[in-house]
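Chain by chain, the residues run as shown.
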Amino acid sequence: MLRRILNSYRNAYRGVPRDVWLLSLVLLVSRSGTMVLPYLSIYATREQGIPPMSVGWLLAFYGVGGVVSAILGGWITARIGAIATQVLSFALSIPGFLILERAASFEQMCGALLYLGIAVEMMRPAANTATIEFCTDESQHTRALAVNRLAVNLGMSIGPTVGGFLAVLDYRWLFWGNAIGAAAAILVMLATFGTGRKIAKQATSATSDPPMDGAGKAVRARSPWRDGRYVAFCALNALVSIVFFQFLGTYPLYLNEQYHLSEDQIGLLFAVNTIVIVLFELILVNAIRDLPLVRVFAWGHLLGCAGFGLLPLAVGSPFAAGYAWCVVTMLILTAGEMLAMPLGAAYAARRSTPANRGHYMGVYASSFSIAVLVAPVVGMWLYARNPHLVWYSGLIAGSAVFIGLLKIADLEKSSNGDGG
C-alpha cells in the first residue's frame, strides 16, 4: 500500500520540466508573503471603522485594478516576455503595500488598492504563460499548471497563517510582510532565471514569427474575444469565481462574526485548504488527466459552491462543533477547487497558439479580476441583509455555472470527439 502511494506521487510529478519547478519556487516565495488581502475586511471594519457595505466597495477598487491589469499583463507579456512581466509586477507591488499601510481614510485606501490591483494581478497571465511555454508538449500542460498551483497554495498555507498570528499582535506587520515577500520573489526570480538568457528566451517566444498558411503567408492570430466558446467559458468562470473570492471578503468576516473565530483560528482554517491542495492536488490531476476537461471543471465548481453553501448549518453550535463543521465545509470546497482550478488555464492553452497565448491567458485572468471586482460588492450587499444569504446565493450561482459548462463540454465533444 505504501509503495503504491509513493508510486502515485512519483508518477504525478514525473515529466514536469525543470523550469516549471523553478518558476514555482518563485511563486512559493511570493505567496508566502500574502498576508493583507485575507484579513483586509476585518482590518477595515475593526481597525478603520468602515461599515461592511463600504468595505465591499473598498475591495472592489482592487478588482478594478485587477481587471485593467489582466489585459495589460497579457499585452506586456506578449512584448517583454513572461518572466520580465512577473519581475515588474513584484517590483510595482512593494510600494503599494507600504502605501496601503499608511492610508488613513477610505479614499486613500481606495487609491492604494486600485494601484495594488494593477501591480499584483499583472503577474497572473504572465505566470500561466511562462508555465505553458516551459512545457515541451501539450500533455504536460495540466500537470505543469498543477505544480504552479501547488507552489501558490503551499505559500498560501504559510502567508495567511503567519498573517493571522501577526494580526493579533499588530496589523501593520501584515503590510510589511507582503512587501518583503514581493522583494524576496524578485531576488529568487533573478537568481533562478537571471536577467539575460531566460528573459530573452521568453521575449523571443512571445514575439516569434506568426503562423503561416498553405501559401506561405502570415496568418493573424485569432483574438480570444472572437472565440465565442472561450468567452462563454471565461464568463462562467467569472461568475463562479465571485463565489470563491468571498474568501477575500465575507468569508473571514462571517467566520469572525457568526462563528466567533479569531484571526489566528481563521488562518489555521485557511491552512487546511492549502495543505490539502499541496498534498493531494497533483495526484488528483494526474488521475483525472484523461477525463473530459470542461466536464471535470464543471463538477469541481459545483462541489466547491456546495462547500460554501453548507457553511451556515452549524452557526450557533458550541465552539468545537462549529469549528469542526467549518473544517468539513473547507474540505468539501477544497475538493472542488482541486478538480476545477488547474484545468481552466489548461483549457486556455488548448484553444490558443504560441502567437496569441498571452492574450488568451490575459482574458482568462480577467475573468478572475472581474470576480475580484464584483465579489466584495455583491457579497457585502448580501451580507448586510442576511449573512447566510451569501452562501445560499453562491450555491444557486454554482448550479447555473454547472449547467452552462456542461453545455460547453457537449460542444467540445461534438467538435473534438473527446468530451471537452
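It should be emphasised that the depicted structure is a prediction, and the values quoted were computed from it without experimental measurement.

This brings us to the overall build of the chain. The helix and strand inventory of the chain stands at 17 helices and zero strands. In the chain, which comprises 420 residues, the share counted as buried stands at 57%. Residue pairs at least 24 apart in sequence account for 85% of intrachain contacts in the chain once pairs closer than 6 positions are excluded. In the form shown here, the chain has an accessible surface area of approximately 16,900 Å², with 66% of it arising from carbon and sulfur atoms.

With that settled, the discussion passes to the side chain of Arg-149. Among the secondary structure elements, Arg-149 is positioned in helix α8 (residues 141-169). When its relative accessible area of 15% is taken as the criterion, Arg-149 is described as buried. Ignoring sequence-local partners within four residues, the contact set of Arg-149 consists of Ile-277, Glu-281, Glu-337, Met-341 and Pro-342.

Glancing now at the packing of aromatic side chains. Within the structure shown, the criterion is met by 22 aromatic pairs. With a centroid separation of 5.6 Å and an interplanar angle of 90 degrees, the aromatic rings of Phe-244 and Phe-308 are classed as edge-to-face. Placement of Phe-244 in helix α11 (residues 228-244) and of Phe-308 in helix α14 (residues 293-309) is noted, with a sequence separation of 64 residues between them. Residue Phe-244 is classed as buried on the basis of its relative accessible area of 6%. Pairwise contacts between aromatic rings join Phe-244, Phe-247, Tyr-251, Tyr-254, Tyr-259, Phe-270, Phe-308, Tyr-383 and Trp-391 into one cluster. Stacked on the ring of Phe-368, the Lys or Arg Arg-124 has its end atom at 5.1 Å from the ring centre.

With 91 residues, the main nonpolar core has Leu-40, Leu-100, Tyr-251, Leu-255 and Leu-405 as its most contacted residues. Apart from residues no more than four positions distant in its own chain, Leu-40 is found in contact with Leu-59, Leu-100, Met-109 and Leu-113. Counting residues in hydrophobic clusters, the runner-up holds 29 residues, among them Val-16, Ile-83, Ala-127 and Ala-146.

Moving on: the pattern of salt bridges. For the structure shown, the criterion picks out nine salt bridges. The shortest N-O distance in the salt bridge between Glu-263 and Arg-46 comes to 2.6 Å. Here Glu-263, found in helix α13 (residues 263-287), pairs with Arg-46, found in helix α3 (residues 40-47); they are 217 residues apart in sequence, far enough to count as distant. Since its relative accessible area comes to 5%, Glu-263 is described here as buried. With its nearest N and O atoms 2.8 Å apart, the salt bridge here joins Arg-295 to Asp-410.

Two elements in contact, helix α7 (residues 123-133) and helix α16 (residues 357-385), have axes whose closest approach is 8 Å; the angle formed by their N-to-C orientations is 135 degrees. The pairing of α7 with α16 is recorded here as oblique in orientation. Note that α7 runs across α16; the crossing there is right-handed. Counted together, Arg-124, Pro-125, Asn-128, Thr-129 and Ile-132 of α7 and Arg-357, Gly-358, Met-361, Gly-362, Tyr-364, Ala-365 and Phe-368 of α16 form the full contact between these two elements.

Looking now at α16. Taking 1.5 Å per residue, 29 residues should reach 42 Å; α16 reaches 42 Å between its end C-alpha atoms and fits that length. Roughly 30 degrees is the biggest bend found in α16, and it falls at Val-374, with proline Pro-376 one to four residues downstream.

Our focus in this paragraph is unusual backbone geometry. Of note, His-260 is a non-glycine position whose phi angle comes to about 60 degrees, a positive value. Turning to its location among the elements, His-260 is positioned in the loop between α12 (250-257) and α13.

Right, let's get into the environment of Ala-397. Looking at the secondary structure, you find Ala-397 in helix α17 (residues 389-416). Spatially, the C-alpha atom of Ala-397 lies 7.9 Å from that of Val-243, the residues being 154 residues apart in sequence. Other than its neighbours up to four places away in sequence, Ala-397 contacts Leu-239 and Val-243.

How each quantity is defined
- Residues numbered from 1 in each chain as written.
- Predicted model: local features only at pLDDT ≥ 70, side-chain atom pairs only at ≥ 80, totals over all residues.
- Heavy atoms only, no water.
- Helix = DSSP H or I, 4+ residues; strand = E, 2+ residues; numbered from the N terminus.
- Buried < 20%, exposed > 50% of the residue type's maximum accessible area, 1.4 Å probe, protein only.
- Contact = heavy atoms within 4.5 Å.
- Areas by Shrake-Rupley, 256 points an atom, 1.4 Å probe, with all protein chains shown as cover.
- Phe/Tyr/Trp six-rings, centres within 6.5 Å; stacked < 30°, edge-to-face > 60°.
- Lys NZ or Arg CZ within 6 Å of the ring centre and 35° of its normal.
- Core = buried A, V, L, I, M, F, W, Y, C linked by side-chain atoms within 4.5 Å.
- Salt bridge = Lys/Arg side-chain N within 4 Å of Asp/Glu carboxyl O.
- Axes fitted to C-alpha atoms, helices over the stretch in contact; angles between N-to-C directions.
- Parallel < 35°, antiparallel > 145°, perpendicular 65-115°, else oblique.
- Left-handed = near helix turned anticlockwise from the far one by under 90°.
- Expected span 1.5 Å × (residues − 1).
- Bend = angle between axes of the 7 residues up to and from the residue.

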